Amino acid sequence: MAEQKNTKTFKSMNRRELFKLAPVLALGAFATPKLREPLLEEGLAFSDWASAVLFRQGHMATTFDDSEVAPLEQFYVNTYDVDDPNVDLAAWTLEVKGAVKHPGNYPLWQIQTLPKFTQNTRHICVEGWDVIGRFGGARLSDFLNMIGADTSARYLYLECADDYYESLDMATAMHPQSLLCYEMYDHPLTREHGAPLRLRIPTKIGYKQAKYLTSLSVTNLLRGKGYWEDQGYSEFYGL
Amino acid sequence: MSTRALTIEDPKTGEVTEAVYEHPYIVRLCHWVNTVALFVLVGSGLQIFRAFPSFGAKIPEKELLNWPKAFALGGWLGGALQWHLTFMWIYIATGVLYVAYEWFSGNYRQILFVRRDIRGVWPMARHYFFFGAKPPVTEAYNPLQKLAYTSAIGLGVLSLLTGLAVWKPIQFSWLAWMMGGFHLARLWHFAVMWAIIAFVFGHLVMVVLHGWNNFISMWTGWKKNPEYIER
């Protein structure tokens, strides 16, 4: 049997049910300019936290057959200001700083004494395009071992000849596919692809693959999260 | 599950109307929060798409469509990603809460399309699209509506899975693999968005056709004089 109410009580029941939806109005905070920015920063930070939780050091990025690799001419060159910062390749060294036992300047040949790994992996740009390329270099973890890095530190901080800079979390730096890359397509890096040394981290988005490296420091405190990250892009952006 | 029903008497005129509590609170809350989240996700998603409006190679780049900035949200790629990566959590939260509520309350029987609904689809479609006679209304949702709402839940799940494959193609490599790799996952994510937009369009047409009482019931839960009550 249906309950009986009069019109007045029914109206107040409806009003009460409508007020219960007030929490929906909380979303209006995103429409207020003052609150929007901190809220979106929180959202991005939460996504980065989730990304770090989802990252598994023992899980490999997919590798591809040589036949699936795009020709070098189809590997888009993305730079933030100049295609070639005119690095003096003969005089170049990588400056190593921070929480390491052996700081100093490391020439390329010294990095090349480490075992070389070559892998065909997918490069994904934050814009949405992707390209499968062939990359060769030393494992970042081997290099960190060589310089006596404190791997309990949280980050690597990398500077580049074109004033680009990047940060990398230690867990990703120690991933076996993370490379200090000096070869693409079995040839030394060309200038537009970051000669003489770049990062190649297949588990990260494109803007993390810093080119024209000049210095690497091991640190717990970052001066900046990265060139794009400091403008509002995700800091972790693991794939 | 028993739905609450009322008879309402106007003390002045003595007129009696009936009302049914059609939409439980959690359903209404999820519906409206999800409406906002979906709006933001589509808008920011289209802004993200503007950064590379193609599903082909980067070189040579063939633009699929030049989506106007006025119909996108976030202003620039980084801003749109912030909106997208924030509201996806709200979208997931309402989706999970809604499905869990439907499941545990038994309310899913209202909208879940099951085998016995199959034969009712064609008469209803004939009524809506080809001026056929209206089949008798016996429940809150007719078979065609059930099919639409059940599909919408499926699309919600697909939007989440395709999105995960685009966001985390390595950690969820099995998902990306099922979709034919990262490159195609991005296309599926886009296609699911359009399917959801198509659903929303049909949904809004129906809301307009079914009038004010029906619309207001998604706010208060109560629907006055529903057709399926025998008087």
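Presented here is an overview of the structure given in this document.

Calculation notes
Residues numbered from 1 in each chain as written. Chains lettered and ligands numbered in written order. Predicted model: local features only at pLDDT ≥ 70, side-chain atom pairs only at ≥ 80, totals over all residues. Helix = DSSP H or I, 4+ residues; strand = E, 2+ residues; numbered from the N terminus. Rg over C-alpha atoms; globule rule 2.2 N^0.38 Å. Buried ≥ 20, exposed ≤ 12 C-beta atoms within 10 Å, placed from the backbone. Contact = placed C-beta atoms within 7 Å. Nonpolar A, V, L, I, M, F, W, Y, C, P; charged D, E, K, R; others polar. Pairing = 2+ DSSP bridges. Axes fitted to C-alpha atoms, helices over the stretch in contact; angles between N-to-C directions. Parallel < 35°, antiparallel > 145°, perpendicular 65-115°, else oblique. Left-handed = near helix turned anticlockwise from the far one by under 90°. Expected span 1.5 Å × (residues − 1). Arc of directions from axis to C-beta. Core = buried A, V, L, I, M, F, W, Y, C linked by C-beta atoms within 7 Å.

What follows deals with the overall build of chain A. The number of helices and strands found in chain A is five helices and 11 strands. A compact globule built from 239 residues should have a C-alpha radius of gyration of about 18 Å, whereas chain A, at 24 Å, is more than 25% larger. On the principal axes, the C-alpha backbone points of chain A span a range of 90 × 40 × 35 Å. Counting every position in chain A, which comprises 239 residues, the buried fraction comes to 38%. At a minimum sequence separation of 6, the contacts of chain A that also span at least 24 residues come to 70%.

In this section: the interface of chain A and chain B. Opposite the 42 residues of chain A that make contact, chain B presents 42 residues. At the level of elements, β1 (3-6), α1 (7-19), α2 (33-54), β4 (116-124) and β5 (130-139) of chain A are the ones that each hand at least two residues to the side of chain A that touches chain B. It is α2(A) that provides the largest number of residues to the side of chain A that touches chain B, a total of six residues. A breakdown of the residues in the side of chain A that touches chain B according to their chemical character gives 20 nonpolar, 14 polar and eight charged. Two strands pair when backbone bridges link them, and β1(A) and strand β1 (residues 5-9) of chain B are joined in this way by four bridges, in the parallel orientation.

For a regular strand, the rule is simple: side chains alternate between the two faces of the sheet. Residues and elements named next belong to chain A. Alignment of β4 against β5, held across nine bridges, turns out to be antiparallel. When the bridges of β5 are listed, Thr121 appears paired with Gly133. In textbook terms, the turn of a hairpin is the stretch between consecutive antiparallel strands, and for β4 and β5 this stretch comprises five residues, one of which, Gly128, has a positive phi near 125°. Pairing between β5 and strand β8 (residues 179-184): five bridges, direction antiparallel. Note on β8: the bridge partner recorded for Phe135 is Met184.

Residue and element names in this part refer to chain B. Two elements in contact, helix α4 (residues 143-167) and helix α6 (residues 182-220), have axes whose closest approach is 9 Å; the angle formed by their N-to-C orientations is 155°. Judged by the inter-axis angle, α4 sits roughly antiparallel to α6. In the crossing of α4 with α6, the sense of the turn from one axis to the other is left-handed. Residues Ala148, Ala152, Leu155, Leu158, Ser159, Thr162, Gly163, Ala165 and Val166 of α4 form the contact with α6, whose participating residues are Phe182, Ala185, Arg186, Trp188, His189, Val192, Met193, Ala195, Ile196, Phe199 and Gly202. Its residues assigned to classes, the contact of α4 with α6 comprises 14 nonpolar, five polar and one charged.

For the rest of this paragraph, the subject is the packing of helix α1 (residues 25-51) of chain B against α6(B). All names here are of chain B. One way to put it is that α1 packs onto α6 with a least axis distance of 12 Å and a crossing angle of 145°. By crossing handedness, the relation of α1 to α6 is classed as left-handed. Only Phe190, Met193, Ile197, Met218 and Trp219 of α6 make contact with α1, whose side of the interface consists of Arg28, His31, Val42, Gly45 and Phe49. Across the contact of α1 with α6, the residue classes break down as seven nonpolar, two polar and one charged.

Our next topic: the sheet that holds β1(B). Across the sheet, four strands lie side by side as β1(A)-β1(B)-β2(B)-β3(B); this open sheet has mixed pairing. Edge positions in the sheet fall to β1 of chain A together with β3 (222-224) of chain B, since each has one partner strand and no second. Strand after strand, the sheet turns through a mean of 30° between neighbouring axes, direction not considered. Set on the sheet, α1(A) makes contact with β1 of chain A together with β1, β2 (16-21) and β3 of chain B; between it and β1(A) the angle comes to about 95°.

Attention shifts here to α2(A). With 22 residues, α2(A) should reach 32 Å at 1.5 Å per residue; the first-to-last C-alpha distance of 32 Å fits that figure. For α2(A), the full list of buried residues reads Leu40(A), Gly43(A), Leu44(A), Ser47(A) and Ser51(A). Down the axis, α2(A) shows its buried residues gathered within 95° of arc, on one side only. Summarising the geometry of α2(A), the exposed residues directed more than 90 degrees from the buried face are Lys34(A), Leu35(A), Pro38(A), Glu42(A), Trp49(A) and Val53(A). For α2(A), the secondary structure elements touched by its buried residues are α2 (77-105) of chain B.

Along its 29 residues, α2(B) runs 41 Å from first to last C-alpha, staying within 8% of the 42 Å computed at 1.5 Å per residue. In the stretch just after α2(B), Gly106(B) is the one whose phi turns positive, near 85°.

Residues and elements named next belong to chain A. If you trace the five strands from one edge of the open sheet to the other, you get β3-β2-β11-β6-β7, paired in mixed fashion. At either end of the open sheet lies a strand with only one pairing partner, and these are β3 (104-106) and β7 (165-169). Strand-to-strand twist in this sheet, taken as the mean axis angle between neighbours without regard to direction, amounts to 25°. Relative to β7, strand β6 (residues 155-160) runs antiparallel, the two being bridged by five bridges. Paired with Tyr155 across the two strands is Asp169, which belongs to β7.

Take the environment of Ile48(B) next. By the element assignment, Ile48(B) lies in helix α1. Classification of Ile48(B) as buried rests on a count of 24 C-beta atoms within 10 Å. For the pair formed by Ile48(B) and Gly75(B), sequence separation is 27 residues and the distance between their alpha carbons is 9.7 Å. Ignoring anything within four residues of it in the chain, the contact list for Ile48(B) reads Gly128(A), Leu77(B), Ala80(B), Leu81(B) and His84(B).

A few words now on the nonpolar core. Soluble globular proteins tend to pack their nonpolar side chains together in the buried interior. Counting residues in hydrophobic clusters, the biggest one holds 44 residues, and the most contacted among them are Ala37(B), Leu41(B) and Phe87(B). Sort the elements by how many residues they give to this core and α1(B) lands first, with 12 residues. Excluding its chain neighbours within four sequence positions, the residues that come into contact with Leu41(B) are His84(B), Phe87(B), Met88(B) and Tyr91(B). Judged by nonpolar contacts, the second largest core, of 35 residues, contains Val87(A), Val96(A), Ile111(A) and Leu168(A).

So, about the environment of Ala26(A). Mapped onto the fold, Ala26(A) is located in the loop between α1 and α2. In this structure, the C-alpha to C-alpha distance between Ala26(A) and Leu40(A), residues 14 residues apart in sequence, is 14 Å.

It is worth spelling out unusual backbone geometry at this point. Omega for the peptide link from Ala195(A) to Pro196(A) comes to 0°, which places this bond in the cis form. As for its placement among the helices and strands, Pro196(A) is situated in the loop between β9 (187-188) and β10 (198-200). Of note, the bond from Ile59(B) into Pro60(B) is cis; its omega dihedral lies within 30 degrees of zero at -10°. Its place among the elements puts Pro60(B) in the loop between α1 and α2.

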